Amino acid sequence: MPKEARPSTGEQAKQHALAQLRQAILHGEMAPAQRLVEQELAEQFDVTRASIRAALIDLEAQGLVERIRNRGSRVRVVTVEEAVAITECRMALEGLCAAKAAVAASDEQLAELKELGAAMAKAVAGGEPMTYSELNQELHAKVREFSGQRTAVDLLERLNAQLVRHRFQLALRPGRPQHSLNEHLAMIEAITARDPQAAEAAVRAHLTSVIEALRD
C-alpha cells in the first residue's frame, strides 16, 4: 500500500505493522533477543506507538515476541529443548497432513511435489543450502495445503514460526542438506504413491532426524 494511502492509526495500521514485524522475524532480519523499541518501530513503519504495541501483543500470542517486565519487548529466544518439543508436536500434525495429502491431492498437485523434489536435489548437488532450505519449507507448505486439513495447517503455521532460528542453523550445518534430502524424497515418494501410512511414517522419520540434529 502506498505510504500516503496507508492509515497510521487503527486496525489497518496495526495489521500493517504486524505483517512487517512478523516477516522480519521469520526472515531472520530481527535476531533472537533483539529489543523491539516501540518508538523506533513506529517511526520505521510510519504508524503510532499504539499500533506497534497492539502488534507486539499479537506477536507475543504467536510465540514470536516476549515482553520482559520493566524492559519492554524483544524477539523471543527459543531454546533447543523448546525446539525439540515443538518438533515433536509437528511430528503428529505433519504426519497427519502427509497421510491426508496422499489421499486428497490431485495428480497435478502430486506432480508439483515431484518437481520440488527434483529442485531440492539440484540445490544440494549445487551446494546451495539456503535455496535448499527455502525449497524444503515450500515442500512442507505444499503438503499441508494439499492435505485440506485446515485445523492442522493453522496449528503448524504457529509452531513453525517459532523455529526460524533453528531452521537457519540446521540449513547451514555441513552435510545436513544431503542427509535430509533423502528423507524428503521418501516423503514425496510415499505421498505420490498414495500410501497414507508410508507418508506418515516418512514424515515421522524425517522429524525424528531433525530432533537428533537439534540435540547434536
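Remember, predicted model here, so these are calculated numbers, not experimental data. (Residues numbered from 1 in each chain as written. Predicted model: local features only at pLDDT ≥ 70, side-chain atom pairs only at ≥ 80, totals over all residues. Heavy atoms only, no water.)

**Some thoughts on the nonpolar core**
What counts is decided by this rule: As used in this record, nonpolar core signifies buried Ala, Val, Leu, Ile, Met, Phe, Trp, Tyr and Cys residues forming a set joined through side-chain atoms within 4.5 Å. Exposed residues in this analysis have more than 50% of their type's maximum accessible area, buried residues have under 20%, and partly exposed residues fall in between, with area computed by a 1.4 Å probe over protein chains only. Starting at the N terminus, helices and strands are each numbered in turn, a helix being any DSSP run of H or I of at least four residues and a strand any DSSP run of E of at least two. Contacts are residue-level and defined by heavy atoms, with any inter-residue pair within 4.5 Å sufficient.
Counting 40 residues, the largest nonpolar core has Leu113, Leu139, Val143 and Ile191 as the members making the most contacts within it. Elements with a contribution of two residues or more to this core: α4 (80-104), α5 (107-125), α6 (129-147), α7 (150-161), α9 (176-192) and α10 (196-215). The element contributing the most residues to this core is α4, with nine residues. For Leu113, the contacting residues outside a window of four places in its chain are Leu139, Lys142, Val143, Phe146, Ile188 and Ile191. Formed by 20 residues, the second largest nonpolar core is a distinct cluster that contains Ala13, Leu21, Ile25 and Leu59.

**Considering the confidence of the model for the protein**
Applied cut-off: pLDDT gives the predictor's per-residue confidence on a scale running from 0 to 100.
Averaged over every residue, the pLDDT of the protein is 91; residues scoring 70 or more account for 96%. Within the protein, helix α8 (residues 164-171) has the poorest average pLDDT of any element, 82, and α5 the best, 97. Confidence drops under a pLDDT of 50 for residues 1-5, and excluding neighbours within four residues, the segment shows four contacts in the predicted structure.

**Some thoughts on α9**
Two residues of an α-helix separated by three or four positions point the same way, owing to the 3.6 residues in each turn. Rule in force here: What a helix is expected to span follows from its residue count: subtract one and scale by 1.5 Å.
The end-to-end C-alpha distance of α9 is 24 Å, a good match for the 24 Å that 17 residues give at a rise of 1.5 Å each. What α9 keeps buried is the set Arg176, Pro177, Ser180, Leu181, Glu183, His184, Met187, Ile188, Ala190 and Ile191. At its buried positions, α9 is contacted by α4, α5, α6, α8 and α10. Positive phi shows up at Arg194, right after α9, with a value of about 55°.

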